[in-house]
Amino acid sequence: MNEILWKPKNVNKTKLKDFTDLINDKYALDIDGYQELYKWSIKKIPNFWSEILEYTEVKYSGDAGNVLSDLEMKPGLKWFPNISLNFAENLLKHKNDELAIISKNENSDLVKITYNELYLSVAKLAYSLKKLGLKQGDRVAAVLPNSHEAVIAMLATTSIGAIWSSCSPDFGIASVTDRFKQIEPKFIFSIHSYYYNGNSFDFHEKLNSIIENLPSLEKIIISTPGTLQSSKSKPHLDFSDLLENKESEIEFERFPFDHPAFILYTSGTTGLPKSIVHGAGGTLLQHNKELLLHCDAAKEDTVFYYITCGWMMWNWLVSFLSVGSTIVLYDGSPFFP
């Protein structure tokens, strides 16, 4: 096929063009177009990623001059070994009254949260989680709808240096426990019920079974009203109660570039799902590169992706907060009503 079906407008006003011009000026090059930039990026790996780090305005401390511990690609390779950062700090750096999140499910009104309000909620939850004993390196599991509560909980978790791992409420009991029992979570966020396609689904029985299969759990945090009916499980905490404190600031401790932020999983089609650790720095840098250079994302953008907390595109969508965009979270059937 020789006919061009679609061509983007204003290609000379994109961030990709801006970044290419920056590279041309700095390195005395004459890169023309995406393919030439791509070829340069894989021939000059340290230069490319060093420029991406600066262009995407990642907040970090330390010396970024050493991009790779070894130019030979192999297991154990260290990226930016001399810098440290905090994943949540980079998603919360836009403290203003612009909209950060628009959240809705089938049975709720729209919830709108500004960046200032998001920061404050994360500060309060992080304070409570630390008081409850959560610390760097602990794993936090979540079985939550795609909601603002999930984003707040993830950011509070990663702000402390703990590691986030989530599933969707529509997963079966075995699907959840096959994943979470591998990582021995200390806390779990969950719900009592959720809506899909006009129906309410009670989650009590499923949650109790999940809890009983995760002996490492110390705290159970519920984000929907109700009473957890189980004599065997530990007492639960209400998500809203953990926001009832006067904390208004977050003490962002910065960790090594490859400090874990997320644990995701393979699909489990060839045996048990395999755990995949995503480092904070690598996730942040790769997402920022995609959002700015490939999506041309901006603060003025409103972004929607139909997804649940059980798949990696949820993590990608939430990273738009690092750009300052507004993310739309919807939980439920895409066709209801």
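Before reading on, note that the structure itself is shown above.
First things first, this report covers the structure right here in the doc.

Analysis parameters
Residues numbered from 1 in each chain as written. Predicted model: local features only at pLDDT ≥ 70, side-chain atom pairs only at ≥ 80, totals over all residues. Heavy atoms only, no water. 1 Å grid on protein atoms, 1.4 Å probe; cavity = no way out; pocket = protein on both sides within 12 Å on 5 of 7 lines; lining within 4 Å. Points joined across faces, edges and corners; volume = space filled by probe spheres on them. Nonpolar A, V, L, I, M, F, W, Y, C, P; charged D, E, K, R; others polar. Phe/Tyr/Trp six-rings, centres within 6.5 Å; stacked < 30°, edge-to-face > 60°. Helix = DSSP H or I, 4+ residues; strand = E, 2+ residues; numbered from the N terminus. Buried < 20%, exposed > 50% of the residue type's maximum accessible area, 1.4 Å probe, protein only. Axes fitted to C-alpha atoms, helices over the stretch in contact; angles between N-to-C directions. Parallel < 35°, antiparallel > 145°, perpendicular 65-115°, else oblique. Contact = heavy atoms within 4.5 Å. Pairing = 2+ DSSP bridges. Salt bridge = Lys/Arg side-chain N within 4 Å of Asp/Glu carboxyl O.

Focus: empty space enclosed by the protein
Over the atoms, a rolling probe the size of a water molecule traces out where space has been left empty.
Then, number 1: This model, assessed by the stated rule, comprises one cavity of 30 Å³ or more.
Then, number 2: One number sums up the size of the largest cavity: a volume of about 50 Å³.
Then, number 3: Split by residue class, the lining of the largest cavity holds seven nonpolar, four polar and no charged.

Some thoughts on the packing of aromatic side chains
Then, number 1: Summed over the entire model, instances satisfying the criterion amount to 17 aromatic pairs.
Then, number 2: Measuring from centroid to centroid gives 6.1 Å for Trp164 and Phe189, while their planes differ by 45°, and the two rings are tilted. Of this pair, Trp164 sits in strand 6 (residues 163-167) while Phe189 sits in strand 7 (residues 187-190), and the two are 25 residues apart along the sequence.
Then, number 3: Accessibility expressed as a relative area gives 1% for Trp164, which makes it buried.
Then, number 4: Centroid distance Tyr305 to Trp316: 6.2 Å. Interplanar angle 70°. Geometry classified as edge-to-face. On the criterion of sequence distance, the pair formed by Tyr305 in the loop between strand 15 (302-304) and helix 10 (312-318) and Trp316 in helix 10 is long-range, its members being 11 residues apart.

A short note on the packing of helix 2 (residues 34-43) against helix 3 (residues 45-55)
Then, number 1: Two elements in contact, helix 2 and helix 3, have axes separated by 5 Å at closest approach and are oriented at 110°. Our classification of the angle between helix 2 and helix 3 gives roughly perpendicular. Contacts from Trp40, Ser41, Ile42 and Lys43 in helix 2 reach Ile45, Asn47 and Phe48 in helix 3.
Then, number 2: Here the residues of the contact of helix 2 with helix 3 sort into four nonpolar, two polar and one charged.

Concerning the sheet that holds strand 2 (residues 83-85)
Then, number 1: What the three strands build is an open sheet, ordered 1-2-12; its pairing is antiparallel. Both outer strands of the open sheet, strand 1 (61-62) and strand 12 (255-256), are each paired with one neighbouring strand and no more.
Then, number 2: As paired strands, strand 1 and strand 2 are joined by two bridges and run antiparallel to one another. Note that in strand 2 the partner of Ser61 across the bridge is Ser84.

Quick notes on the pattern of salt bridges
Then, number 1: As enumerated under the stated definition, the model contains eight salt bridges in all.
Then, number 2: Glu249 serves as the salt-bridge partner of Lys95, at 4.0 Å between the closest nitrogen and oxygen. Note that Lys95 is positioned in the loop between helix 4 (87-91) and strand 3 (99-105) and Glu249 in the loop between strand 11 (236-238) and strand 12, a separation of 154 residues in sequence.
Then, number 3: The partly exposed category is assigned to Lys95, whose relative accessible area is 43%.
Then, number 4: Residue Glu249 is classed as partly exposed on the basis of its relative accessible area of 45%.
Then, number 5: For Lys186, the salt bridge is made with Asp138, and the minimal N-O distance between the two is 3.2 Å. Of this pair, Lys186 sits in the loop between helix 7 (173-180) and strand 7 while Asp138 sits in the loop between helix 5 (115-131) and strand 5 (139-143), and the two are 48 residues apart along the sequence.
Then, number 6: For Asp138, a relative accessible area of 10% puts it in the buried group.
Then, number 7: Connected via shared salt-bridge partners are Lys135, Asp138 and Lys186.

What to know about unusual backbone geometry
Then, number 1: Residue Pro337 follows Phe336 across a cis peptide bond; omega there is -5°.
Then, number 2: Here Pro337 shows up in the segment after strand 16 (326-331).
Then, number 3: Unusually for a residue other than glycine, Glu57 sits at a positive phi of about 60°.
Then, number 4: Looking at Glu57, the relative accessible area reads 59%, which means it is exposed.
Then, number 5: The phi dihedral of Glu184 is positive, around 50°, even though this residue is not glycine.
Then, number 6: Here Glu184 shows up in the loop between helix 7 and strand 7.

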